[in-house]
Amino acid sequence: MFQDVVRRHPDKVALIYEATGERWTFRRLDEYSNAVANYFHQQGFQLGDVIAIFMESRPEFVGLWLGMAKIGVEAALINFNLRLDSLVYCVTASGAKAMIFGGELSSAISEVNGMLGKNMAKFCSGDYNPDVVPVETRHLDPLLSTASTSPPTQIPIKGLDGERSVPPRGQLLRDRRAAAGAKRPALALFALRLRQVCRERLTARVTFPRGDSGAVQALPRKMAIVVHSRYYRIAAFGYYAYRMRPEDVLYNCLPLYHSAGNIMGVGQCLIHGLTVVIRKKFSASRFWDDCAKYRCTIIQYIGEICRYLLNQPVRESETQHCVRLAVGNGLRPTIWEDFTKRFRIKQIGEFYGATECNCSIANLDGKVGACGFNSRILPNVYPIRLVKVNEDTMELIRDARGLCIPCCPGEPGLLVGQINQQDPLRRFDGYVSESATTKKIAHNVLRKGDQAYLSGDVLVMDDLGYMYFKDRSGDTFRWRGENVSTTEVEGTLSHILNQTDVAVYGVGVPGVEGKAGMAAIADPKAKVNPNVLYQELQKVLPPYARPVFLRLLPQVDTTGTFKIQKTRLQREGFDPHQTSDRLYFLDLKLGKYVPLDECLYERICSGKAAL
């Protein structure tokens with residue numbers, strides 16, 4: 001598919017690198033990836049080998065894994081925020097034989113060089129400083145400059161029928177057409193054979209980090225496998241669902257180790273011929289200036305990006321752009337309309353999905369707050385369901401026959417997708433870890449003998465079939481006999497505080513049933529007045545949802561994909577011995593927040609302070 005795009009318009013700009021203004025045409029991207037393929041093939045890398053890529057977002061990142069794919073080498077895309085044990089864990093778990101790292105991350109590699117193993121080949125792309133990189137590291141750029149830029153020659157593939165050589169794709173197509181004529185069934189057979197090849201893992205794949213892999217305290221959970229059919233499905237889903245066009249220019253400020261940036265974003269370039277602007281890191285202050293400068297028509301968002309943009313002062317460029325579509329996930333319903341009105345965005349392409357899931361859904365008509373839709377009239381056309389689940393344990397609730405119970409409109413349920421490994425839309429390729437894969441599969445879900453992918457997310461469907469994000473696992477807690485939604489309280493607090501970063505979570509109090517609400521608020525300039533805040537909270541939140549504890553800190557931890565992290569905050573709780581941040585306790589007798597010191601902490605833990 002990429003070669004077809006190159007053939008149609010080789011001199012069209014494929015990638016623009018915002019940091020330098022560099023423009024890569026499709027011809028240049030093709031030749032660079034060919035050089036990558038030819039060099040690593042000459043170095044003895046072959047089908048099924050894994051090479052880790054550890055670098056910040058730039059055009060070379062795309063050319064590297066694309067070149068590997070041309071010779072069947074698998075790319076493991078490593079979160080560039082990882083350091084020390086987390087970095088070693090990811091590289092080791094991927095099974096990589098070699099690592100390509102950006103010169104900007106040389107010190108991070110030097111820190112773990114002794115833990116990566118003696119046989120790990122290392123290549124540095126970009127700025128090469130021999131005083132920083134490990135001594136055995138090779139500078140990749142000059143090596144690629146001398147490699148052939150011609151398409152890689154015949155590549156041996158070990159298939160079910162033994163080792164054989166596969167001719168270039170064009171020749172393979174011509175051979176098939178010569179044998180069967182130019183009829184559609186011949187191409188359908190070719191597509192079927194490709195799916196079989198993917199299923200047997202005879203073509204390249206990509207592994208993506210999953211979970212909050214930017215966390216310092218916890219190791220990444222798992223690495224998702226992305227075969228070619230899945231890559232195509234995700235990119236094509238975005239292109240056709242939101243009516244993108246080849247002449248569109250897409251602004252991509254998301255990290256390329258993540259599927260949103262690399263597949264939903266860059267995939268539009270490789271498969272459909274769009275121009276993609278790559279920004280090394282997201283900048284709220286430069287976002288609209290970049291969009292206006294490069295005449296972008298599509299922007300991507302994820303996590304808290306839209307709220308960060310709303311938090312910026314008004315500037316001319318925010319309404320002097322050509323953007324018609326914003327596509328992504330995580331746009332909070334509380335700011336949806338504010339975002340579209342202020343920045344004059346005609347269409348929001350909100351969708352729900354994960355790198356590895358088989359139950360993605362999309363909001364195609366801009367229904368405010370909805371993350372997707374599924375027909376209630378013809379539900380079997382797309383076999384996904386909301387099924388009843390114990391929201392505390394996330395265990396499936398089953399009927400007398402042992403099957404799961406579908407939810408009615410208005411009932412929250414776990415989103416599941418029926419698995420069919422013969423269908424590229426329904427298959428589940430899983431993770432590098434087999435145990436992680438097994439945990440995401442349930443049996444006997446809607447009928448005896450079936451299998452379904454467990455999303456881990458609770459959604460609610462309305463009478464028309466629109467689905468709304470409720471809470472991720474663990475994002476609710478019970479207090480005073482009521483369920484408290486952390487996302488709802490976060491949205492309310494953030495709105496009151498002019499889109500400030502807020503993390504809400506439940507904390508245990510000795511001798512007290514349930515969990516008390518606690519809010520960590522980014523307050524670097526000490527401007528938040530807790531009691532003015534409480535006066536506002538009384539107007540908009542019921543008593544049980546008002547945070548019992550406040551923590552005012554310089555900044556709230558976020559992942560590389562702009563999701564707020566709570567792990568460390570929850571662990572430290574409201575204990576003043578654990579932090580030097582300002583802590584407050586809601587004294588109901590006084591009707592205000594009071595500073596929480598060691599003495600008050602002891603009174604709360606001993607049950608002498610009324611909650």
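Here the structure is a predicted model, which is why all the values come from computation and not from measurement.

### Topic: the overall build of the protein
Assigned secondary structure in the protein consists of 18 helices and 32 strands. Per-residue burial for the protein yields a buried fraction of 55% across its 611 residues. At a minimum sequence separation of 6, the contacts of the protein that also span at least 24 residues come to 67%. Here the protein displays about 27,300 Å² of accessible surface, and carbon together with sulfur accounts for 51% of that area.

### Some words on the nonpolar core
Judged by nonpolar contacts, the single largest core of 86 residues is most densely connected at Phe40, Phe54, Ile78 and Leu270. Top contributing element to this core by residue count: helix H2 (residues 26–42), with eight residues. Among all residues touching Ile78, those that are not within four sequence positions of it are Ala52, Ile53, Phe54, Leu87, Cys90, Val91, Met223 and Tyr257.

### Topic: the sheet that holds strand S1 (residues 13–17)
With mixed pairing, the eight strands of this open sheet are ordered in space as S2-S1-S13-S12-S14-S15-S16-S17. Looking along the sheet, the strands with just one partner apiece sit at the ends: strand S2 (22–25) and strand S17 (361–362). Direction of pairing for strand S12 (residues 249–252) relative to strand S13 (residues 275–278): parallel, over a ladder of four bridges. Note that in S13 the partner of Leu250 across the bridge is Val276. Sitting on the sheet, helix H13 (residues 336–343) touches strand S14 (298–302), strand S15 (325–329) and strand S16 (347–352), and the angle it makes with S16 is about 145 degrees.

### Structural notes on the environment of Arg8
Looking at where Arg8 falls in the secondary structure, it is placed in helix H1 (residues 2–8). Spatially, the C-alpha atom of Arg8 lies 9.1 Å from that of Gly273, the residues being 265 residues apart in sequence.

The rules behind the values
- Counting restarts for each chain, with residues numbered from 1 along the sequence as it is written.
- With pLDDT at 70 or above as the cut-off, local features in this predicted model cover only qualifying residues; side-chain atom pairs require 80 or more to be listed or tallied, and sums for whole chains, interfaces and linings still use all residues.
- Heavy atoms from the whole structure form the basis of all side-chain values; hydrogens and water molecules are not counted.
- Only DSSP runs of H or I covering at least 4 residues are called helices, and only runs of E covering at least 2 are called strands; the numbering of each starts at the N terminus.
- Each residue is assigned to one of three classes by its accessible area relative to the maximum for its type, calculated with a 1.4 Å probe on protein chains only: buried under 20%, partly exposed between the two thresholds, exposed over 50%.
- For this analysis, residues touch if any pair of their heavy atoms sits within 4.5 Å.
- The method behind every accessible area is Shrake-Rupley, applied with a 1.4 Å probe, and residues are considered shielded solely by the protein chains displayed.
- Put simply, a nonpolar core is a bunch of buried Ala, Val, Leu, Ile, Met, Phe, Trp, Tyr and Cys residues held in one set by side-chain atoms that sit within 4.5 Å of each other.
- Strand pairing is defined by DSSP finding a minimum of two bridges between the two strands.
- Simply put, an axis is a line fit to the C-alpha atoms, just over the touching stretch for a helix, and the angle between two N-to-C directions goes from 0 to 180 degrees.

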